[in-house]
Amino acid sequence: MARYKVEMEILSPFHIGGEGRELGTMEFLRDREWVYLINEDRLVRALNDEGLTAGFLSYLGGDYRPNLFRFFQSLPRRKAESLRAAISSRRIKHKIKGHFFSLRPQQWDMVGNRPVIPGSAVKGALRNLILYLYCTEDEALRKGAAKAVANRNNPKTVARFLEEDVFSQAHIPGARQGPHRDWFRTLQISDFHTEDPDCTEVVEVKVVSLNKEKGFHFSLDRRDRRGERQVSVFLETIAPGTIFTGTITFPPFLQGLFRAFPGGRGIFTPLELFSRLKEKTAALLTEERVFFQHAGLKGVVDDLLGLEGRGANLRLGWGTGLLTMTISQALRGQERLNLGQKFYKARHPGVFPRSRKVVMQEGIEPCTTLGWVKVQISPAD
């Protein structure tokens with residue numbers, strides 16, 4: 001077994017959800033600098049110890065939209081501070097000036113008490129990279145994918161076609177297709193951990209979409225009858241500059257099983273595979289810059305140029321879009337438009353996808369995008 005050390009440097013705000021849902025206003029508190037996540041068991045015990053259970057239940061019954069912050073405002077200051085300390089599981093930095101009423105926490109390692117990037121996310125990105133490389137270099141495979149888009153009514157069946165061709169059969173002599181013949185399953189990728197437990201912060205994210213006449217608009221909250229309130233998502237993100245490390249273990253026998261690239265290209269090994277991350281990322285960065293140039297968001301364009309200069313070679317996590325998380329990037333112009341119109345009801349002719357998620361600076365100006373990292377691999381000691 002060949003074992004390699006993988007180091008990831010976070011280059012832009014990074015989020016992988018940990019709770020599986022948004023936390024509401026009864027599940028966190030905030031002040032000017034910190035957001036405090038609430039442990040429900042501690043809350044019950046602390047309310048009982050302080051003799052506040054009846055008052056808390058009365059507040060819940062009398063407020064049609066209960067908010068833990070408003071309940072704390074009704075308490076004497078010292079008692080509120082003491083209670084907050086007793087019920088908080090952890091705290092997160094923030095610089096949000098306005099109000100927010102929901103929060104999506106980052107995936108968290110409860111044993112090490114610090115954020116974690118699951119190995120499954122990295123493995124999924126590498127799997128997508130392999131599909132991208134095969135589709136861009138194998139015209140027959142790409143045409144087969146485009147034909148599958150045209151002829152099938154479920155996007156999962158299109159994905160299954162590619163998965164079976166590349167991973168289950170892989171053109172290995174005598175191999176049969178099947179769910180248990182997926183050679184990529186034999187790669188073992190660990191979770192990724194950091195030494196910095198205080199590396200997260202809350203950021204505001206909005207969705208921007210291209211107008212027909214260039215420029216952009218923010219998505220609006222459908223619950224706002226006047227159509228004036230813009231949709232924002234508040235995320236706990238890992239801050240740029242944070243370093244994560246993990247390992248990948250590679251069975252040597254796989255080298256003899258991989259299908260060679262068209263034109264006699266070599267076989268994948270971890271070092272060769274990671275060295276090709278830049279190919280997909282360079283194309284993605286170029287496409288992202290074109291999108292934000294059309295939108296007139298020069299600050300984001302400049303940020304993308306800076307990311308490229310700092311060695312961004314992978315994109316992971318929530319908010320990174322269809323191009324990052326699917327095989328769409330490998331499809332050519334009209335092939336991708338057909339995909340968008342058929343499965344995603346794309347309405348704006350000539351552009352798919354036409355929306356991106358952006359991180360807001362002080363809630364006013366888009367400043368960067370999510371999930372860019374720099375990955376380096378070396379043989380483990």
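What counts, and at which threshold
- Residues numbered from 1 in each chain as written.
- Predicted model: local features only at pLDDT ≥ 70, side-chain atom pairs only at ≥ 80, totals over all residues.
- Heavy atoms only, no water.
- Helix = DSSP H or I, 4+ residues; strand = E, 2+ residues; numbered from the N terminus.
- Buried < 20%, exposed > 50% of the residue type's maximum accessible area, 1.4 Å probe, protein only.
- Contact = heavy atoms within 4.5 Å.
- Areas by Shrake-Rupley, 256 points an atom, 1.4 Å probe, with all protein chains shown as cover.
- Salt bridge = Lys/Arg side-chain N within 4 Å of Asp/Glu carboxyl O.
- Core = buried A, V, L, I, M, F, W, Y, C linked by side-chain atoms within 4.5 Å.
- Pairing = 2+ DSSP bridges.
- Phe/Tyr/Trp six-rings, centres within 6.5 Å; stacked < 30°, edge-to-face > 60°.
- Lys NZ or Arg CZ within 6 Å of the ring centre and 35° of its normal.

A. Looking closely at the overall build of the chain. Assigned secondary structure in the chain consists of 12 helices and 16 strands. Residues counted as buried form 46% of the 381 residues belonging to the chain. In the chain, once contacts between residues fewer than 6 apart in sequence are set aside, the share between residues at least 24 apart is 77%. Counting every atom, the chain has about 19,800 Å² of accessible surface; 50% of that belongs to carbon and sulfur.

B. Examining the pattern of salt bridges more closely. Summed over all chains, the structure comprises 9 salt bridges. A salt bridge links Glu279 to Arg276, with the nearest nitrogen and oxygen atoms 2.7 Å apart. Residue Glu279 is classed as partly exposed on the basis of its relative accessible area of 36%. Between Arg289 and Glu308 there is a salt bridge whose closest N-O contact spans 2.9 Å. Of this pair, Arg289 sits in helix 9 (residues 277-295) while Glu308 sits in helix 10 (residues 298-309); the two residues are 19 residues apart in sequence, bridging distant segments of the chain. Looking at Glu308, the relative accessible area reads 26%, which means it is partly exposed. What emerges from the salt-bridge pattern is a single network uniting Glu288, Arg315 and Arg356.

C. Local environment of the nonpolar core. Counting 48 residues, the largest nonpolar core has Met8 and Ile117 as the members making the most contacts within it. When contributions to this core are tallied by element, the ones reaching two or more residues are strand 1 (2-10), helix 5 (119-137), helix 6 (139-151), helix 7 (155-169), strand 12 (243-250), helix 8 (270-275), helix 12 (333-343) and strand 16 (372-379). Excluding residues that lie within four positions of it along the chain, Met8 makes contacts with Ile117, Val122, Phe192, Thr242, Ile243, Phe244, Leu316, Val373, Lys374 and Val375. Of all hydrophobic cores here, the second largest spans 19 residues; its members include Phe292, Val301, Leu323 and Val358.

D. Spatial organisation of unusual backbone geometry. Positive phi values are uncommon outside glycine, yet Asn113 reaches one of about 55°. Take Asn113: its relative accessible area is 44%, and that puts it in the partly exposed class.

E. View of the pairing of strand 1. Across 8 bridges, the pairing between strand 1 and strand 12 is antiparallel. When the sheet's bridge partners are listed, Val6 is paired in strand 12 with Gly246.

F. Representation of the environment of Asn338. Within the secondary structure layout, Asn338 lies in helix 12. Sequence-wise, Asn338 and Val149 are 189 residues apart; in three dimensions their C-alpha atoms are separated by 7.6 Å.

G. Geometry of the packing of aromatic side chains. By the definition in use, this model includes 7 aromatic pairs. Ring plane angle 15° and centroid distance 5.8 Å describe the contact between Phe28 and Phe100, whose orientation is recorded as stacked. In this pair, Phe28 is assigned in strand 2 (residues 28-30) and Phe100 in the loop between strand 4 (88-94) and strand 5 (108-109), connecting sequence segments 72 residues apart. Across this residue pair, the class does not change: Phe28 and Phe100 are buried. With a centroid separation of 4.8 Å and an interplanar angle of 25°, the aromatic rings of Phe100 and Phe234 are classed as stacked. Linking Phe100 in the loop between strand 4 and strand 5 with Phe234 in strand 11 (residues 233-238), this pair joins segments that are 134 residues apart in sequence. Classification of Phe100 by relative accessible area gives buried; the value is 4%. Through pairs of rings, three or more aromatic residues link up here, namely Phe56, Tyr59, Phe71 and Phe72. The ring of Phe218 carries Lys206 above its face, with NZ or CZ at 4.9 Å from the centroid.

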